[in-house]
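Structural features, examined
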Amino acid sequence: MLEEAKVIAADKVVVRFSGDSGDGMQLVGNIFTNVSAGIGNQVSTFPDYPAEIRAPQGSLGGVSGFQVSVGTNVHTPGDSCDVLVAMNPAALKQNVKYVKPGGVIIVDIDSFKESDLKKAQFQTLDPIKELNINCQVLEVPVTALTKAALADSGLDNKSVLKCRNIFCLGLVCWLFDRPLESAIAFLRRKFAKKPAIFEANSLVINAGYNYGNNIHASVSTYRIESEPAKPGVYTDINGNTATAWGLIMASEKSGRPLFLGSYPITPATDILHELAKRKDLGVKAVQMEDEIAGVCSAIGASYAGNLAVTSTSGPGLALKSEGIGLAVMAELPLVVIDVQRGGPSTGLPTKTEQTDLMQALYGRNGESPVCVVAPASPTDCFTMAFEASRIAIEHMTPVILLSDAFIGNGSSAWRIPDADEYPEIKPHYVPAEKQSEQAWRPYDRDEETKVRYWAIPGTEGLAHRIGGLEKDYTTGAISTDPVNHEKMVYTRREKIARIADDIPQLELIGPADADTILVGWGGTYGHLRTAAHELCNEGHKVAFAQFRYINPLPANTAQVLSGFKNVIVAELNTGMFADYLQSKLPELHIERINKVQGQPFLVSEVKEAVKNIMDRHNC
Amino acid sequence: MEQNTQQYAPSDFKNQSPVRWCPGCGDHAILNSLHKAMAAVGVAPHKTAVISGIGCSSRLPYYMGTYGFHTIHGRAAAIATGFKLANPQMTVWQISGDGDGLAIGGNHFIHAVRRNIDINIMLLNNKIYGLTKGQYSPTSDRGFVSKSSPYGTTEDPFIPAELVFGARGNFFARAIDVELEVTRSVLAAAARHKGTSVCEILQNCVIYNNGIHSYITDKEQRANRTIHLVHGEKMLFGTEKQFGLVRDGFLVKAVTVGQDGYTIDDVLVHDAHTPSNFLHQQLAMMDGHDLPLAIGVIRDVDAPVYNEEVDNQVATVRAAKGFDNLRSMILAGETWEVK
C-alpha cells in the first residue's frame, strides 16, 4: 500500500552562493535574484557577509555568503538551501550545515588543493569525507574552465579569475532554467563602462550554462514528504537508489544473484552507479558497449539463472526492443527499468515526462505482451523494483518498470524495511518430479498460470535449447505450424493477463460516493493525491486512484472506476494512459488533464483543471 | 575451465533433432568436429552452453545435447558475455556467421574480444548471407557479385583476424570445414584457452557461394597454399614440406629449403604464446597467394580474463566491507530513528 505523500516546496528553491569575500558572491546572488524576479518569481534574500572586510584569503573568517529563495509563497530566504555553491574549502566548511538532505553542492575543485584545505583547517585531504557529506557533490573545475573560456580574451590572469563567480552563476541558471538573456542584460548594465569585462563575463556565463547542459547536471527542486507515521530507522533516499536497492532485496528474497547489464544514459545512470558500488553485496553490474548489449547481457544472465536487469531511459528502451522481444519469446525473467525523460529522440534528457508508456506496452514487433509497472514516488521505487523482480521471476516474463526523472532524482525520507516485510520470491523452477530430460520439455508450463519452468544451466538432466523462433506448445521444438503459433500467441498473452491474480487490487482513496475520480499513474502521484485531497478540503468531492500496475491492470479496475461519472486521467503526456484505459474499459467516460513541458504538474494547475471539468459536468 | 574426469563420447553432445542444413553444407562437418572437440576436452554436456545469433550456422544449438540459446541477429556475443558472467562455471561457446558476427554484431564482437571474456567464438566464414538467399557479407571480396551487388561490391572486406588483433585479441585460430581433424584440434585448443577465443572456420555454402574457398581447399594445391601452424614446430608447408617461412626484414617470406642459401635452421619456429602479436598478425594476414594461408592456432596468449576479474573484485570488496545483507549496508550509512 502506498503511504500518503505530500509534495512540498514544489514552488520554491533556495540557493546559497559562498566564497571568499573577494569572489563576488553578493554580485551573483543579486543577479540570480533579479533574473528570477524578472520571470515572475517571488524572492527573498539573505546576504551573509564576513565581519572582516579583508580577512586572509581562503580562511574561515573570510567566507562571504548570499542566500536567496525564489519561487512562489516565498516569505523568508529559507532555513536551508537546495543548492550550495562553495568556491573554496572554507566556504564549504562554513556552509555545509545549511544544505538540505538530498541537496546539491557545487564546488570549484580547482581551489581544493592541499594548501587551500590547510587554510580552512581541514585535517585530511578529503573534505567531503571529513565533513561527512552525504548529498550530491558536483566537483567542477571552475577555475580551469573559466580560464579556458577566456583564453583568447586578452585579459590578465587576475581579471580572468574574477569571472569564476559568473561561471557558477551560469551553471545555477542551467539547473533552474533561468534565462541567460536577462542575466546578460544585467551584466551589460553593471559593466557598461568596461566593455571588455562585460564581454568576458558574457562568455563565461554561457560557458557555465553549457557545462551544466553538457554534463546533464540536474537537481530535484521538489521533495515528496511522506508522513513518518511508523516508528523505525529512516534514511534519505532518491528514486534511482531506491530502485537499485529494491532489486537487491528481490535478489535476497529469491536466492538468485543480481546481474545488471547497462549503458550510461541520463537520467537513469545513477542506478548503474549504485549497483556498481554494491559489489559489496555481491551484485554484478557491468557497463556494456551499448544499450543493446545492456539488455542482451541481461538476457544471457537470465538464461544462466540470475535475476537479470537492464536500466535505461526512453532512447535506450527503443534500442532494447528486439532484445525484450527475445525475452518474451524465450519466456525468461527480465527487469527493464526505464527512467523516463522528455522525448522523442534525444528530447529533454534531464526533464521528466511520462511519454514512454506506449513504447513500453506496445513497442516491439509481433504480439509481444510484457508486464508494465510504475512506481509512484521515490520510496515506492523500492517496492516496485521488488515487485517487478518478483513478477519477472515468478511469471517468467520481462517486466518494464516505468520510473521517471522526477522521482528518479527526487528524494524522500524512507523507513528502512525489515527483511520480513517483503515476501519470499519463489522462482518457477522445474519441479522435482520433472527433473530429467525425458520428463521435462523446455516449454512445459503450469496450466493454471501458463508460466513455463526455469531450468538453471549447470543442472544435470535439464540441458535444453530455447530461442527466438516459435516453438511447439508441447515438444518445445521449432514449429511453423499455423495453429500452434496462434495457440502460443494466446498462451503468452494469457500468461501476462493472469498476473492480475497475483497483484494488489486498485485502491480507492477519498470519498467513494464522489462523482469524479482523479486517476494517475507513476511519478505524478504526490501532486495528484495532494490536489485531490485539497479539493476535498475545499468542498469538491473528488476521489483518487493510483495505478502502479499497468499491464495487466488490477483485477478490480472496472469495478472501482465504473461507479464514477467522470474519470479524469492526469498525466505528463498527450493522453497515453487515458487511451490505454479506454481501450480496456470502453464504457468509461474519461476526461484528460495533460502536460508535456518536461516539468511535473503543479498542484494548483491540477486543481484548476479538475474544477473546470467538474464545472462542465455540473458535478 | 572445469575438467571432468568422466569421459564423454561425441554422441553425448548431440541431440535427437534432425539437422536441417542443406546437403553438402560445410556446417555438417563443423558440427561433427565440435562434438568431437567437446568430447576431447571433457566438460560435461550440462556444464556447456552454446549460444548463437541468427543465420544458417546459428541453428547449431538446436543440434546440441548441451544447454543452448538461439538468440537474435548479431547479439550472441553480448548474450554469451552476460551468461558467462552470471554462471561462470559453465563453458560457453558462441556460434556466429560472418554476417551475424562482423556486420550487425561487429560491435559486440570487438568488445567481447577486448574484454577477454572467457567464451569460445566460432566464426563460420562463408563470405555470403545464406539464410536471406545470397547477399554479399562484410567478408566478401571487393567486386563480389551477389543479389545485392549485381554489378560487384565497391567496398573492401573485413579480414576477421585483423579485427581480432585490432581488438587486442589473445586467441586466434583458423580452420577449414573440410579438414575435420584440424577443426577438431583448433576447437579443443580454443576451449582450453582462458579468455576470448576466436576460431575462424572457412565454410562452404553449397547453394549461394559454392567454391568460394576452392583456391584454398583445392586438393591438388592445398598443401602449397596453406600452412598448418603448430606451436613449437618449424613453419614448413608444401606436399613434401619443402617450403618454409623465414624472416625477411620486418616481414616473412616463403623459401624453398635448401635453395638460395636457406637451410632448415633459417625456418621460423611458431611461438603461439609470445605476448607480442607482431608476427602473429603477419601470419594471420597471409592469404594463400604470395604466402600460404595459415591454419591452426596462430595466437594463444594468457591475459587477465574479464569474468575472473569481476569475480575477484566482488570477492575482494566483499571481504573488505563485509555486509551481510542490504539492511546492514543501509544501516551503515546516514540514518535517523523515529520512535
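Residues numbered from 1 in each chain as written. Chains lettered and ligands numbered in written order. Predicted model: local features only at pLDDT ≥ 70, side-chain atom pairs only at ≥ 80, totals over all residues. Heavy atoms only, no water.

1. Concerning the overall build of chain A
- The helix and strand inventory of chain A stands at 21 helices and 24 strands.
- Principal axes of the C-alpha set define a box for chain A whose edges measure 85 × 65 × 45 Å.
- In chain A, buried positions account for 61% of the 619 residues.
- Within chain A, contacts between residues separated by at least 24 positions form 76% of all contacts whose residues are at least 6 apart in sequence.
- Averaging the locations of the 58 positively and 71 negatively charged side chains of chain A gives two centres separated by 5 Å. (Helix = DSSP H or I, 4+ residues; strand = E, 2+ residues; numbered from the N terminus. Buried < 20%, exposed > 50% of the residue type's maximum accessible area, 1.4 Å probe, protein only. Contact = heavy atoms within 4.5 Å. Lys, Arg positive; Asp, Glu negative; His and termini not counted. Charge placed at Lys NZ, Arg CZ, Asp CG, Glu CD.)

2. As for the sheet that holds strand β15 (residues 398–404) of chain A
Residue and element names in this part refer to chain A.
- Taken in spatial order, the 7 strands of this open sheet run β11-β10-β12-β13-β15-β14-β22, and their pairing is mixed. The open sheet is flanked by β11 (284–287) and β22 (549–551), the only strands paired with a single partner. Averaged over all adjacent pairs, the angle separating strand axes in this sheet is 20°, with direction ignored.
- Two strands pair when backbone bridges link them, and strand β10 (residues 258–262) and β11 are joined in this way by 4 bridges, in the parallel orientation. (Pairing = 2+ DSSP bridges. Axes fitted to C-alpha atoms, helices over the stretch in contact; angles between N-to-C directions.)

3. Here we look at the interface of chain B and chain A
- Facing 52 residues of chain B, the contacting portion of chain A comprises 65 residues.
- For the pair chain B and chain A, the two sides together bury roughly 4900 Å², of which 64% comes from carbon and sulfur.
- Summed over the three residues of chain B that lose the most area to chain A, namely B:Y67, B:F69 and B:L326, the buried surface amounts to 15% of that side.
- Between A:K284 and B:D311 there is a salt bridge, and its shortest N-O distance comes to 2.8 Å.
- The tally of links from chain B across to chain A stands at 28 residue pairs in polar contact (both at pLDDT 80 or more).
- Elements that contribute at least two residues to the side of chain B that touches chain A include exactly β2 (67–70), α2 (76–86), α4 (106–115), α10 (306–321), α11 (326–331) and β14 (336–338) of chain B.
- If one sorts the elements of the side of chain B that touches chain A by residue count, α10(B) sits on top with 8 residues.
- Of the residues contributing to the side of chain B that touches chain A, the split by class is 24 nonpolar, 17 polar and 11 charged.
- In this structure, strand β19 (residues 465–467) of chain A lies alongside β2(B), joined through 3 bridges in parallel fashion. In the strand pairing of β2(B), A:R465 is matched with B:G68. (Buried area = accessible area lost by both parts, 1.4 Å probe. Salt bridge = Lys/Arg side-chain N within 4 Å of Asp/Glu carboxyl O. Polar contact = N/O pair within 3.5 Å; in protein donor to acceptor, adjacent residues only side chain to side chain. Nonpolar A, V, L, I, M, F, W, Y, C, P; charged D, E, K, R; others polar.)

4. What about the nonpolar core?
- Among the nonpolar cores identified, the biggest contains 167 residues, and A:W245, A:L275, A:F577, A:L581 and B:F69 are the most heavily contacted of them.
- Looking at which element gives the most residues to this core, the answer is helix α15 (residues 380–395) of chain A, with 9 residues.
- Not counting chain neighbours up to four residues away, the residues in contact with A:W245 comprise A:T235, A:I237, A:E274, A:R278, A:F382, A:W414, B:L326, B:M329 and B:I330.
- Among the nonpolar cores identified, the runner-up in size contains 45 residues, and A:V15, A:F66, A:V85 and A:F176 belong to it. (Core = buried A, V, L, I, M, F, W, Y, C linked by side-chain atoms within 4.5 Å.)

5. Structural notes on unusual backbone geometry
- Cis geometry marks the peptide bond from A:G343 to A:P344; its omega dihedral reads 0°.
- By the secondary structure assignment, A:P344 is in the loop between β13 (334–340) and α14 (357–362).
- A:N551 connects to A:P552 through a cis peptide bond whose omega is 0°.
- The phi torsion at B:N116 lies on the positive side, around 65°, for a residue other than glycine.
- Residue position: B:N116 is located in the loop between α4 and β4 (119–125).

6. Here we look at a positive patch on the surface
Residues and elements named next belong to chain A.
- On the surface, K158, K162, K190 and K194 cluster together into a patch of positive charge.
- One can find K190 in helix α8 (residues 180–190).
- By relative accessible area, which is 48% here, K190 ends up partly exposed. (Patch = residues over 30% accessible without salt bridge, like charges linked within 9 Å, V, L, I, M, F, W, Y side chains within 5 Å. Areas by Shrake-Rupley, 256 points an atom, 1.4 Å probe, with all protein chains shown as cover.)

7. Some thoughts on the pairing of strand β7 (residues 171–176) of chain B
Residue and element names in this part refer to chain B.
- Within β7, 6 of the 6 residues are buried, which leaves it mostly tucked inside the rest of the structure.
- Alternating residues of β7 divide into F171, A173 and A175 and F172, R174 and I176, and every residue in both groups is buried.
- Looking at chain direction, β7 and strand β13 (residues 293–300) are connected through 4 bridges and run antiparallel. The residue bridging F172 from the neighbouring strand is R299, located in β13.
- The pairing of β7 with strand β8 (residues 197–202) spans 5 bridges and is classified as parallel. Opposite I176, over in β8, you have L202 as the bridge partner.
- Once the chain exits β7 it traverses helix α6 (residues 180–192) before rejoining the sheet at β8, and the crossover so formed is right-handed. (Right-handed = clockwise from strand over helix to strand, strands pointing away.)

8. What to know about the pattern of salt bridges
- Applying the stated criterion to the full structure yields 40 salt bridges over all chains.
- Taking the shortest distance from any N to any O, the salt bridge between A:D502 and A:R390 comes out at 2.8 Å. Linking A:D502 in the loop between α17 (482–497) and β20 (516–521) with A:R390 in helix α15, this pair joins segments that are 112 residues apart in sequence.
- Overall, A:D502 belongs to the partly exposed group, its relative accessible area being 29%.
- One salt bridge connects B:K84 with B:D118, and the closest N-O pair in it is separated by 3.9 Å.

9. Digging into the layout of surface pockets
- Taken as a whole, the second largest pocket spans an internal volume of roughly 1000 Å³.
- In terms of lining residues, the second largest pocket is bounded by 35 residues, among which A:R465, B:N15, B:Q16, B:S17 and B:Y62 are the most central.
- Grouping the amino acids of the lining of the second largest pocket by side-chain chemistry returns 12 nonpolar, 14 polar and 9 charged. (1 Å grid on protein atoms, 1.4 Å probe; cavity = no way out; pocket = protein on both sides within 12 Å on 5 of 7 lines; lining within 4 Å. Points joined across faces, edges and corners; volume = space filled by probe spheres on them.)

10. Comments concerning the packing of helix α18 (residues 525–537) of chain A against helix α21 (residues 603–616) of chain A
All names here are of chain A.
- Two elements in contact, α18 and α21, have axes whose closest approach is 9 Å; the angle formed by their N-to-C orientations is 55°. One finds that α18 runs oblique with respect to α21. For the crossing formed where α18 meets α21, the hand is right-handed. Of α21, the residues touching α18 (which contributes H527, L528, T530, A531, E534 and L535) are V603, V606, K607, V610 and K611.
- For the contact of α18 with α21, the class distribution of residues is 6 nonpolar, 2 polar and 3 charged. (Parallel < 35°, antiparallel > 145°, perpendicular 65-115°, else oblique. Left-handed = near helix turned anticlockwise from the far one by under 90°.)

11. Regarding a nonpolar patch on the surface
Residues and elements named next belong to chain B.
- A contiguous nonpolar surface patch, about 370 Å² in accessible area, is contributed by F250, L251 and F278.
- On the secondary structure map, F278 appears in helix α9 (residues 278–285).
- Residue F278 is classed as partly exposed on the basis of its relative accessible area, which comes to 43%.

12. Some words on helix α5 (residues 142–149) of chain A
All names here are of chain A.
- Residues V142, T143 and T146 constitute the buried set of α5. The buried side chains of α5 occupy one side of the element, clustering within an arc of 95° when seen end-on.
- Those residues of α5 that are buried lie in contact with β6 (99–108), β7 (136–140), α6 (157–161), α7 (164–175) and α9 (195–214). (Arc of directions from axis to C-beta.)

13. Observations concerning the environment of B:G296
All names here are of chain B.
- Among the secondary structure elements, G296 is positioned in strand β13.
- Sequence-wise, G296 and L187 are 109 residues apart; in three dimensions their C-alpha atoms are separated by 9.6 Å.
- Not counting the four nearest positions on each side in its chain, G296 is found in contact with F172, A173, R174, V182, V186, H228 and L229.

14. Some words on the sheet that holds strand β11 (residues 243–248) of chain B
Residues and elements named next belong to chain B.
- With antiparallel pairing, 3 strands are arranged side by side in an open sheet as β10-β11-β12. Bordering the open sheet on either side are β10 (236–237) and β12 (251–256), each of which pairs with just one other strand.
- Here 6 bridges tie β11 to β12, and the two strands are oriented antiparallel to one another. By the bridge assignment for β12, F243 is matched with T256.
- With respect to the sheet, α9 is in contact with β11 and β12, its orientation differing from that of β11 by roughly 135°.

15. Details of the domain arrangement of chain A
Residues and elements named next belong to chain A.
- Partitioning chain A into structural domains gives domain 1 (5–214), domain 2 (229–421), domain 3 (432–502) and domain 4 (516–616).
- Placing a centre on the C-alpha atoms of domain 2 and another on those of domain 4 gives a separation of 25 Å.
- Taken together, the 26 residues of domain 2 in the interface contact 24 residues of domain 4.
- Summing the contributions of domain 2 and of domain 4, the shared interface buries around 2100 Å²; its carbon and sulfur component is 63%.
- Counting every contact that joins domain 2 to domain 4 gives 1 salt bridge.
- Where R548 meets D380, a salt bridge forms, and the shortest distance between an N and an O atom there is 2.5 Å.
- Counting across the domain 2 and domain 4 interface gives 11 residue pairs in polar contact (both at pLDDT 80 or more).
- Secondary-structure elements contributing two or more residues to the side of domain 2 that touches domain 4 are α14, β14 (371–373), α15, β15 and α16 (405–409). (Domains from an automatic or database assignment.)

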